[in-house]
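A structural walkthrough
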Amino acid sequence: MCSAAFSASGNLKIHIRTHTGERPYKCTTCSAAFSNSGHLKRHSRTHTGDRPHKCTLCSTDFSQVGSLKIHARTHTGERLNKCTVCSAAFSASEELKIHMRTHTGEIPYKCTICSANFFRSEQLKEHLMTHTGERPYKCTICRSDFTRAGSLKRHMKIHTQSGEKPYKCTNCSAAFSQLETLKLHIRTHTGEIPYKCTVCNAGFLRLQHMKQHMRTHTGEKPYKCTICSAAFSQQGHLKHHITIHTGERPYKCTMCSTAFSQSGSLKQHMRTHTGEKPYECTVCSAAFSKSETLKTHMRTHTGEKPYKCTICSAAFSQQGHLKRHITIHTGERPYKCTMCSTAFS
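Along each chain, the written sequence defines residue order, and numbers are assigned to residues from 1. Local features in this predicted model are restricted to residues whose pLDDT is 70 or higher, and side-chain atom pairs enter the listing and the counts only when it is 80 or higher, whereas totals over whole chains, interfaces and linings include all residues. As a rule here, side-chain values come from all non-hydrogen atoms in the structure, and water together with hydrogens is ignored.

**Thoughts on the overall build of the protein chain**
Rule in force here: Put simply, DSSP H or I for four residues or longer makes a helix, DSSP E for two residues or longer makes a strand, and each gets a number counted from the N terminus. Should any heavy atoms of two residues lie within 4.5 Å, those residues are considered in contact. Here the Shrake-Rupley method, with its probe set to 1.4 Å, supplies the accessible areas, and only the displayed protein chains count as covering residues. When charges are counted, neither His nor the chain ends are considered; positive counts come from Lys and Arg and negative counts from Asp and Glu. The atoms used to mark charge sites are NZ of Lys, CZ of Arg, CG of Asp and CD of Glu.
Along the protein chain, the regular secondary structure elements total twelve helices and 24 strands. If you line up the protein chain on its principal axes, its C-alpha atoms span 95 × 50 × 50 Å. Within the protein chain, counting contacts between residues at least 6 apart in sequence, those at least 24 apart form 5% of the total. A total of about 23,900 Å² of accessible surface is found on the protein chain, and carbon and sulfur atoms cover 53% of it. Where the 50 positive side-chain charges of the protein chain centre and where its 21 negative ones centre are 2 Å apart.

Right, dumping it as structure tokens:
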């Protein structure tokens, strides 16, 4: 028998549901259901992005008061939850629980679609979206969408009238809308590159970029197209690929009738109107509208020839030059004159 006692009948009713399994409070957006209205209210914020609990010391806000209390310890430095195996200490008990898995080797959250597994349930939820393509948090102003409510909220700052950028660099005049972006920027001053590839000597400012890079060694392609057999190492590549099937070109030039499937392609195209060439060579005075064109140009200074013929010893600085060279071996002459029968390689 349960020995719990309660001071209010409402609390008793909620407790009874832990025995009966009753969940009368249902989310109108998804299939989640809860035993009390408070849990439903907190859950609803994952859909609305509402974060009513604000820190009085910084600009951070939270959807739950408990999260705010834990955050406050980042200002006080208080770390009450100590690891019994090593010297690590944490401000939240949940963080300690997750940390202990580094000692026990437990990785409890497993993907049912692929072989990936995770320390945190949140990591698994976000990973599953790579299979479903779900991005439930959508910007109401532009076409951007996100897997996290926090990512959407940070994104919304680029649309604010004031162009809110509260995080300012103390070394230069740069300012940012996100604290994390400022931290990354600071590394351009310190030269810090904290994430290193264990296979080659490549270094990265962001952990996510290193993870993406590692797939060039492992060959892993977790982002799979549901229409054809194509698979990709990055989610952005899959998103772009999907437009091949849908024919969608949502990014339209405001100066001409051209439309693009990627925002990056539109940005590059706009430079044909503005004449902007932001990518400058550090060796000579050349400037380019595309970063890829600058990379190719730099090889005229370095002498690098990464494109190698598999039939002979020839090597080239540009992929197009290698393709033309290959026709010497294959005899292919794909370029035909429309006025006579002459063909060229």
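Having seen it, we continue.
**Thoughts on helix α9 (residues 235–246)**
Cut-off, in case you're wondering: Here the expected span of a helix is defined as 1.5 Å times the quantity of residues minus one. Three exposure classes are used, based on accessible area relative to the maximum for each residue type with a 1.4 Å probe and protein chains only: buried under 20%, partly exposed in between, and exposed over 50%.
Compared with an ideal rise of 1.5 Å per residue, which puts twelve residues at 16 Å, α9 spans 17 Å between its outermost C-alpha atoms and is within 8% of the ideal. For α9, every residue scored as buried is listed here: Leu 238, His 241 and Thr 243. In this structure, the buried side of α9 is in contact with β15 (223–224) and β16 (231–232). At the exit of α9 stands Gly 247, carrying a positive phi of roughly 75°.

**Regarding the side chain of Arg 101**
Mapped onto the elements of the fold, Arg 101 is located in helix α4 (residues 93–104). Exposure remark for Arg 101: the relative accessible area of 9% places this residue in the buried category. Once you skip the residues sitting within four places of it in the chain, Arg 101 turns out to touch Glu 106, Pro 108, Tyr 109, Phe 119 and Arg 120.

**Some points on the pattern of salt bridges**
Test applied: Counted as salt bridges are all cases of a side-chain nitrogen of Lys or Arg within 4 Å of a carboxyl oxygen of Asp or Glu.
Scanning the model with the defined rule gives nine salt bridges in all. One salt bridge connects Lys 138 with Asp 145, and the closest N-O pair in it is separated by 4.0 Å. Among the residues examined, Asp 145 registers a relative accessible area of 16% and is labelled buried. The shortest N-O distance in the salt bridge between Glu 304 and Arg 299 comes to 3.9 Å. Overall, Glu 304 belongs to the partly exposed group, its relative accessible area being 44%. A single network of salt bridges, built from pairs that share partners, joins Arg 135, Lys 138 and Asp 145.

**Here's the deal with the environment of Gly 203**
Within the element layout of this structure, Gly 203 appears in strand β14 (residues 203–204). Judged by its relative accessible area of 33%, Gly 203 is partly exposed. When the C-alpha atoms of Gly 203 and Ala 174 are compared, they prove to be 24 Å apart, with 29 residues separating the residues in sequence.

**A look at helix α6 (residues 149–156)**
Here is the rule: Read the arc as the range of directions from the helix axis to the C-beta atoms.
Every buried residue belonging to α6 is among Ala 149, Ser 151, Leu 152 and His 155, and all of these are buried. One side of α6 holds all its buried residues, which, seen down the axis, span an arc of 160°. Against α2 (37–48), β9 (137–138) and β10 (145–146) lie the buried residues of α6.

**Details of the environment of Arg 249**
In this structure, Arg 249 sits in the loop between α9 and β17 (251–252). A sequence separation of 17 residues divides Arg 249 from Phe 232, and the C-alpha atoms of the two residues are 20 Å apart. Those residues within four positions of Arg 249 in sequence are excluded, and the remaining contacts are Ala 259, Phe 260 and Ser 261.

**Some remarks on the environment of Thr 18**
Considering the arrangement of structural elements, one finds Thr 18 in helix α1 (residues 9–20). A residue is classified by how much of its surface remains accessible, and Thr 18, at 57% relative accessible area, is exposed. Spatially, the C-alpha atoms of Thr 18 and Ser 35 are 7.7 Å apart, while their sequence positions differ by 17 residues.

**Quick word on the state of the cysteines**
The line we're drawing: We call a pair of cysteine sulfur atoms a disulfide whenever their separation is within 2.5 Å.
The final tally for this structure, using the stated rule, is zero disulfides. For the unlinked cysteine Cys 169, the closest cysteine sulfur is that of Cys 172, found at 3.8 Å. By relative accessible area, which is 7% here, Cys 169 ends up buried.

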